[in-house]
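Residues per chain, in single letters:
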Amino acid sequence: MNAGMDLSQLADDVLRHIDNREALIERLETLHRDASHARGNRVQRLLYGIHNASLAVVEAIEAWNVSKQEDWYRRRKIARHIESRAHESSNADDTCPYNVFLWNKESYLKKMIYDLDFVRDIPEAITLFGSERVFHRNPFLLPYCIDEVVVEVENSKRLPWKDVTLERVCNSSFLILLDEFHHKKGTGIVSMAAAKLFFPIINVQEFSALHGMTYPPAAAVVALCCAHLILNTVEADVINKLVFLTKAIMLKIFRHPLDDLVQKAKSFNPLVGVDRNLIKIVAPFVMHDKMKPELQHNVPEEINHLLTWLRALILRSIDQYDKASKLSSKAILELESEYQRHASQNKGCVFHSSNAAYPPHDDNKENARVNVSVQTDVCPGEIDNNATDSSDFFVAPTIGALENLLDGRRLSIVPQVPLPVEVTVNITEGSRIGVVNGTASAAAKLQQGDTIRIYDAHESSDWKLSSDLTISDEAIRFCLTEVYDHSRIIAQQKRSRANTLNRLCYPYKNVLASDVSSAGVTSIAANEDAFRHVASDMNQSKHSPLHIREARIWKLVPSDEDTRPQWRREYDNGDIPWLNEYAGCNKVDSHFRVSVRLELMEQDCRDWPYLMDDIQYIHRQRVHYFEHIPLRDVIDEAFHAVCRWHPKGPLVDNVKWAKLSRKMKFLSNVKNAQHEIDMAFVRHNRDRKLDQQRFHAIFEDIASIQHPSMPTTDALTNVVWSSIVMLPDVNAMMWRESKEMAIHEEARRVCAQSRLAAFTRKILQYVKFKDARKSAITIAKHVRRFFSRLFVAKILKAVKDDEEYQQRVKYAILLQQEWRRFYWRNRFLCHLERIRDERRKQILITRSKFKESKQRELASIVYRDVIRIDDIIAVVTIHLQDDTQLRDNTSMLLTVYVPTTKRTFRFKLAENDVRECLEKALSREGKLSWDEMLSERALRELPKRLVLRLVRNQPIFIFSRRHIVEKGILVDKRFVRADGEIFILSTFRSPHDFVFSTYQPSKRLHMRTKLTVPKLIEWIHDSGENHKNDSHISMLHPKRQPDLLEWLIKRVLIRRKPLADCMMILLQFEAEEERVLKLVVKVQAQWRRLKSFRRAKNETLQQYEKIFDRENQIYVYRNILTDQRQKDKPKLLGEDELEDPVDEWRKEEMYDATTGRAVHYYANYATGQSSWLSEEDAARLVQRKYRSKHESNLIGKKISFADVVKATQFINGARTKYEQDPTKLSNIVNFALLTHCLDLDFDAARPIYERAMKLSPNHPLISRVYAIFLLASRQSPQNVTFQTACQLLHDADVADRNQTMIQSAAEIYFRWAVLVDARNPLTLLNYALLHQCVYKNYDHSEKLYRAALALDPTNTHVVENYRLFNDERYPGGAYESCGPPYSVVRRSNVVEERLDWGEWRKMIDPLCPRKGFEVFWLNRFTKMTSFSEPDWNIVWENRLKRSRWIDGKTTAQSEFYDERTKTTFFYNSYTKQYTSSQSKK
């Protein structure tokens, strides 16, 4: 029962993890469909969550499967065995079947393999992992798929998640692959728990006999020694110093205890990587031909299993190893010979090498081998280096070669190598015809009888050409001797895909190595010989031939004819992979101000199939940059690679150097090569180590020895490119660097191409722009001419109607003002009256509604009273609901209001409940009528049904529907008289209270009141009754009950109820509290009255505002809501007064009766003004007037119509006259001015001015306007141009001092150009130069300059002239003035200021361009400046004239007050001296 519950809980746990994972995947798909710009972090978090959820799902399924298997074994009472292999001989009924967790009728582990393939379409995921290919078969979202876990498990630097546990990833990957394997096989022979704990069988009892032998078999020594090293049961210092194995080292490791080895073997995980250096050390021994498990016949079965496990581990871990090295062959032969020599001492454990390694009938070979085995050296010729391994990871020999070997014959085989051809081929499986893609010259290398390989240089079969190539217009074709078969390549691809699973699941089984390679591949080749299945259903599959497109071709040539280096052979054979390192990367390379993405360059530089022909490739190829890598970088990388060899270190020792020299075969063509290599090491080592510099030196030494006739650099190049470039690390570095060089060179070419194209487009666009600009200028000129004519025509027409129009406008404005004033006043008054009427109607409607609701509420009240229940005063009101409210069968509503808590309790009473209560209370047997039920006597009984409860010290009233029965004991009953009538007073006592009940016989009425014990105690204590009595016993004591009753009965009051014709019973303290309550109610009424008055006053203050009446010159009060105005202050304000209005303009709204729309106006209630213009509109109007005045200050007085007509006629006539007679001087001058001032075409005006100067070089008008043109155009050299202009101006001033000749030209051309085009900086420049050079009005010139700079601050003509103007205004300049301009004053600082100086102050210019003129004087009132010190006598005289006399009329010292400077000074009439008041003090 417990096991069932555990299984159920585990299954629920699995489902919970699956739901969590599916929810995360759904969210990721939703986010992928959403085109959001800020989803990068969300995608990364979801990917990380899916990774963790996938691991949790696999681990949960594993726990569920283990529990299910344990339950299976327990129910069958079978002992649970966890073994490292599956026993084929065991009973199938004793093996637990493989369990699959189904989710939606499908194995969930199988679904996990492919349900995340859509992640390849998410850009953020590609950026994170670097490539879109890794997302196939990747359930854990790692940089490698599930099939590459064994290879990539040690490369933790590539993992994107920081907290990834490699052990969890390995275990989970293995479980998913195992599930896929069993799904394909259809049987479950290995349990889930056993699959996780694969380990080699090491039986201590079986190995103990071998462990104690003096001369053990070679297979046992190799197996146990290598197992100790792989499982890390040897001391760390031994492993760190271990470089290679010898017989002595192997025997020493063989003697290690077996206990640690057994424990490490049981906990070994096949998915955890092993040190590659150890693998390379043990590989030559384990993979030796004599260590094949099938050849070990006379050793224990566990040794065979251990060897099988070691061979599978090596094949899975590394790809390249020395299968038959000299050291391994020597050590194995020596161990084997010693074991055979002492076989008689080891009975039962004899190992015959002849039976194991060679055929049993060949005795002579056996003896020969044994004799050779005792030698110290092994002959290389006697070791079969080409022996083939029995596993499927080695290629089996061909059938013909095998038959020749069996017959004892030796063939003279010429080794051939594949050489790539610069073409590709299109071929169909089952056909002999192939179509060549490429040039005819490249295809001409293929001739009849050549042997070629298609699609793959290694796995492809050899095909022969039956004839020469057939070249036609359509294509180039060749014919094979046999039909093409692609099945071998496909079988090899399928076999490589199955290798990962085979290595993971069954690393110990020997059957898979042979069965898969023979039976499996054969069946695949047989079933898929010529066709491939393309349908999804095997029962309805259709077959179609396999078409191969763009397949590469290799031609087999003798190895002697192949002169390519080894690195080029690997590249041509396609063994150098291409890695997309810039996929999803945004890195760019910039050249010539152009940037290109390296990702695109990487795609362009991919390896081109036509590698042998430099003409056929377009983009840069990495193979062409392989030999361009600097030799120093190659040697440095080789040095670092050798340092990383085991054991790792920063330097290269003699062992590593010897290993490198043997591997690279240095000095192979030199006698005593080993001696030369050792001597080179001796010459260059330091402390038997080589650093990086000495490593370079020893290579140069080796190169000079190997190639003595060549220069050192060439010899070193030859050695490097023929040897160390094939080191794996160096080779990888060089291909990586060559790829980078190719990509960057391609980027440089692309950038240069883009820059050249851009430059060409720029030139073409510039030519088009110049043509378009010239056309636009011509069009604009004619357009301006046309518009100027239209403008003049409009002016002439407007002038004719000007006077009449002005008169009409004047009278129309007056009439409109009067009419608008009358009209808007009447509308405003009507609007006010309408608002008042609507307000009154609204107030009347609201009041009627309130009054109606109040009357309805008062009319429904049938009873109201104030009651007291347990010291709680409450107001009880009973409403009789009318017919409109009888929806819930309710006849009365009883409300209880508690003043202390301000809470109201409502009880809806049905007619039947009211009738029942009243009949019981009034002791009536028949039904009561509504008149009787609504009587005060009857309704007084309903409040008695109220029950008080205290909940959290808060009174809660409950209406009791049960009959009233007094609780307690009747302790007294007597007659009392009150108000002339007799009452029966009954007193009941209970443990909690006293109840006083009266009965009035005359009217048969009951009255009652209750007194609680706590209230009684408080009452007695407040009254001091205990102190009045001499008895020490309290009145509450049972012995004094009579006294207590008498005391209470005396204080029971029966009186008539105020404002009602009925009696009431109450106690004395209640009467007192009632009196206090009345006083409180009265005080509250007064307070509410005061509060209402204050509220009304505040509302009045908010509703009214004080405004100024401009007509009556008084303040009036305006109602904000109704806009009603009154002179008297509102009475509710009392003595308070409203604040004075704020001086601001406010936007108001007024109803227009004629249009029916609201009209806005603006009012200032502080001044009583109103306007239709807002403050912004008024400001714009003022600004417009100011700008108009500013333009008039710049341009001058407004031009008259006569001047306009004159200027227009003159300008048009100048152009026409010049066209008629271009040789006349006046025509030339006028046309030059027209081109210069109006057309602003300096290039066209220059030759015209030069012609005029040649005709009349001394004419004042021509000299002045040509000087202005020279300054405006800024011809080079500028200094010469400026001097020429100054000389021309000087000559013109001498000839025409009054400037009479230039007046008409200045008005017609210069000033008219400004009027026509005032927004052009060049027209302002010409006008500024006119005032600067002719009129000498420098201040006005500066204003014009600043206006031009405001329009275009980058115009070089204006900027240069303004700079020259400012530089020449200093003393000694061409435009010398008494002081600097006001623009300099703005940037200057005050240096000194005294009272004696008056309005003058000393200033300094920090940006002065000329030294010596930084300090100047400024009059702060007149803004006058001066470089020289003012004449103080004139300054004092001017101050004396404008000042007012204060004192000193009778003396010589008089005091004056200067209103401009707000200071006083003294004047001595005798000495004629002036002093300030401060100087006198």
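The structure under discussion appears in the preceding block.
Just so you know, these numbers come straight off a predicted model, no measurement behind them.

Each helix and strand in the protein was counted, giving 50 helices and 39 strands. Split into buried and exposed, the 1481 residues of the protein put 43% on the buried side. In the protein, once contacts between residues fewer than 6 apart in sequence are set aside, the share between residues at least 24 apart is 58%. Carbon and sulfur atoms make up 52% of the accessible area of the protein, which amounts to about 85,100 Å² in all.

Before going further, it helps to examine the packing of aromatic side chains. Given two aromatic rings, their pairing is described by the distance between the two centres and the angle made by the two planes. Per the stated rule, a full pass over the model turns up 46 aromatic pairs. Between Y571 and W735, the ring centres sit 5.1 Å apart and the planes meet at 15°, which makes this aromatic pair stacked. Taken as a pair, Y571 in helix α22 (residues 566-572) and W735 in helix α29 (residues 728-800) lie far apart in primary sequence, 164 residues in all. For the residue pair Y571 and W735, the accessibility class agrees, reading buried in each case. Clustering of aromatic rings is evident, with ring pairs tying together W819, F822, Y823, W824, Y1161 and W1172. Stacked on the ring of Y1115, the Lys or Arg K1106 has its end atom at 5.5 Å from the ring centre.

Spatial strand order, β32-β33-β34-β35: four strands in an open sheet with antiparallel pairing. Of all strands in the sheet, those with a lone pairing partner are β32 (1389-1392) and β35 (1425-1426), marking the two edges. Pairing of strand β33 (residues 1400-1404) with strand β34 (residues 1415-1419) involves five bridges; the strand directions are antiparallel. By the bridge assignment for β34, W1400 is matched with N1419.

Among the nonpolar cores identified, the biggest contains 63 residues, and L1233, Y1249, Y1309, F1310, L1330 and Y1345 are the most heavily contacted of them. Broken down by element, the residue count for this core peaks at ten residues, all from helix α42 (residues 1260-1273). In contact with F1310, other than residues within four places in its own chain, are L1233, H1236, C1237, V1265, I1268, A1305, N1326, Y1327 and L1330. F207, A219, L307 and L310 belong to the second-largest nonpolar core, a separate cluster that totals 50 residues.

Side-chain alternation along strand β37 (residues 1453-1458) places S1454, F1456 and D1458 on a buried face and Q1453, E1455 and Y1457 on a face that remains uncovered. Pairing analysis gives three bridges linking strand β36 (residues 1444-1447) to β37, with the strands arranged antiparallel. Each residue of the ladder has a partner; that of D1447, found in β37, is E1455. As paired elements, β37 and strand β38 (residues 1463-1468) share six bridges and run antiparallel to each other. Directly across from E1455, in β38, lies its bridge partner F1466. In sequence, β37 turns back onto β38 through a hairpin of four residues, with K1462 there showing a positive phi of about 60°.

What follows deals with the sheet that holds strand β2 (residues 433-437). Spatially, seven strands are ordered β4-β3-β9-β1-β2-β6-β5 in an open sheet, and the strand pairing comes out antiparallel. A single partner strand is all that each edge strand has here, and the edge strands are β4 (463-464) and β5 (470-471). In this structure, strand β3 (residues 451-454) lies alongside β4, joined through two bridges in antiparallel fashion. Along β4, the bridge assignment pairs T451 with K464.

With that settled, consider helix α37 (residues 1068-1103). Look at α37: 52 Å from first C-alpha to last across 36 residues, which is about the 52 Å you get at 1.5 Å a residue. Among the residues of α37, those classed as buried are F1069, E1070, A1071, K1097 and T1100. Contact partners of the buried residues in α37: β14 (861-869), β23 (1005-1012), α34 (1013-1023), β24 (1052-1056), β25 (1063-1067) and β26 (1104-1109).

There is a patch of like positive charges on the surface, built from R276, K280, K659, R662 and K663. Only α13 (276-286) and α25 (654-664) provide two or more residues apiece to the positive patch. For the positive patch, the element with the most residues is α25, which contributes three residues. Mapping K280 onto the fold places it in helix α13.

Each pair of packed helices can be summarised by the angle the axes make with each other and by the distance between the axes. Direction vectors running N to C along helix α45 (residues 1321-1333) and helix α46 (residues 1338-1351) enclose 170°, while the axes themselves pass 8 Å from each other. Classified by the angle their axes make, α45 and α46 are roughly antiparallel. Both α45 and α46 take part in a crossing whose hand is left-handed. Touching P1321, L1324, L1325, Y1327, A1328, L1329, H1331 and Q1332 of α45 are Y1338, H1340, S1341, L1344, Y1345, A1347, A1348 and L1351, all from α46. Among the residues making up the contact of α45 with α46, the classes are represented as twelve nonpolar, four polar and no charged.

This paragraph deals with the side chain of S337. Tracing the sequence through the fold places S337 in helix α15 (residues 326-341). Of the polar contacts made by the side chain of S337, one reaches the backbone oxygen of L333; its length is 2.8 Å.

With that settled, the discussion passes to unusual backbone geometry. Cis geometry is found at the peptide bond from H646 to P647, where omega equals -5°. Across the junction of S1276 and P1277, the peptide omega takes the value -5°, indicating a cis bond. Relative to the elements of secondary structure, P1277 occurs in the loop between α42 and α43 (1278-1295). The phi dihedral of R593 falls on the positive side, at around 60°, and the residue is not glycine. Along the chain, the position of R593 falls in the loop between β10 (588-591) and β11 (594-597). Residue class for R593 comes out exposed when judged on its relative accessible area of 75%. Even without being glycine, L1240 reaches a positive phi, approximately 55°.

When you line up the elements, S1273 lands in helix α42. Only 2.8 Å separates the side chain of S1273 from the backbone oxygen of F1269, close enough to count as a polar contact. A distance of 3.4 Å separates the side chain of S1273 from the backbone oxygen of L1270, its partner in a polar contact. What S1273 contacts, discounting residues up to four positions off in sequence, is F1242, R1246 and H1357.

With that settled, the discussion passes to a negative patch on the surface. On the surface, D1143, E1144, E1175 and E1176 cluster together to form a negatively charged patch. Considering the arrangement of structural elements, one finds E1176 in helix α38 (residues 1175-1195). Overall, the relative accessible area of 49% leaves E1176 in the partly exposed class.

What follows covers the pattern of salt bridges. What the rule picks out here adds up to 57 salt bridges. Its salt-bridge partner being R821, residue E818 comes within 3.1 Å of it at the nearest N-O pair. On the criterion of helical spacing, the pair formed by E818 and R821 is a turn pair, its members being three residues apart in helix α30 (residues 802-860). The residue E1360 makes a salt bridge to R1363 at a minimum N-O spacing of 2.9 Å. A residue pair is termed a helical-turn pair when its members lie 3 or 4 positions apart in one helix, as E1360 and R1363 do in helix α47 (residues 1356-1367) at three residues.

Turning our attention to the pairing of β10. Of the two faces of β10, the one lined by D589 and H591 is fully buried and the one lined by V588 and S590 carries no buried residue. Direction of pairing for β10 relative to β11: antiparallel, over a ladder of four bridges. Note that in β11 the partner of H591 across the bridge is V594. Taking the residues between adjacent antiparallel strands as the criterion, β10 and β11 are bridged by two residues, where F592 takes a positive phi near 55°.

The next subject is the packing of α46 against α47. At a minimum axis separation of 10 Å, α46 and α47 run at an interaxial angle of 150°. With respect to their mutual orientation, α46 and α47 come out roughly antiparallel. Considering how the two elements wind past one another, α46 and α47 form a crossing that is left-handed. On the side of α46, the interface is formed by Y1338, S1341, E1342, Y1345, R1346, A1348 and L1349, while α47 contributes V1358, V1359, N1361, Y1362 and F1365. For the contact of α46 with α47, the residue count by class is eight nonpolar, two polar and two charged.

Moving on, we come to the environment of L1270. Along the chain, L1270 turns up in helix α42. It is 6.5 Å that separates the C-alpha atoms of L1270 and T1281, two residues lying eleven residues apart in sequence. If sequence neighbours within four positions are ignored, L1270 has contacts with Q1275, T1281, T1284 and L1288.

Cut-off values and rules
- Residues numbered from 1 in each chain as written.
- Predicted model: local features only at pLDDT ≥ 70, side-chain atom pairs only at ≥ 80, totals over all residues.
- Heavy atoms only, no water.
- Helix = DSSP H or I, 4+ residues; strand = E, 2+ residues; numbered from the N terminus.
- Buried < 20%, exposed > 50% of the residue type's maximum accessible area, 1.4 Å probe, protein only.
- Contact = heavy atoms within 4.5 Å.
- Areas by Shrake-Rupley, 256 points an atom, 1.4 Å probe, with all protein chains shown as cover.
- Phe/Tyr/Trp six-rings, centres within 6.5 Å; stacked < 30°, edge-to-face > 60°.
- Lys NZ or Arg CZ within 6 Å of the ring centre and 35° of its normal.
- Pairing = 2+ DSSP bridges.
- Core = buried A, V, L, I, M, F, W, Y, C linked by side-chain atoms within 4.5 Å.
- Expected span 1.5 Å × (residues − 1).
- Patch = residues over 30% accessible without salt bridge, like charges linked within 9 Å, V, L, I, M, F, W, Y side chains within 5 Å.
- Salt bridge = Lys/Arg side-chain N within 4 Å of Asp/Glu carboxyl O.
- Lys, Arg positive; Asp, Glu negative; His and termini not counted.
- Charge placed at Lys NZ, Arg CZ, Asp CG, Glu CD.
- Axes fitted to C-alpha atoms, helices over the stretch in contact; angles between N-to-C directions.
- Parallel < 35°, antiparallel > 145°, perpendicular 65-115°, else oblique.
- Left-handed = near helix turned anticlockwise from the far one by under 90°.
- Nonpolar A, V, L, I, M, F, W, Y, C, P; charged D, E, K, R; others polar.
- Polar contact = N/O pair within 3.5 Å; in protein donor to acceptor, adjacent residues only side chain to side chain.

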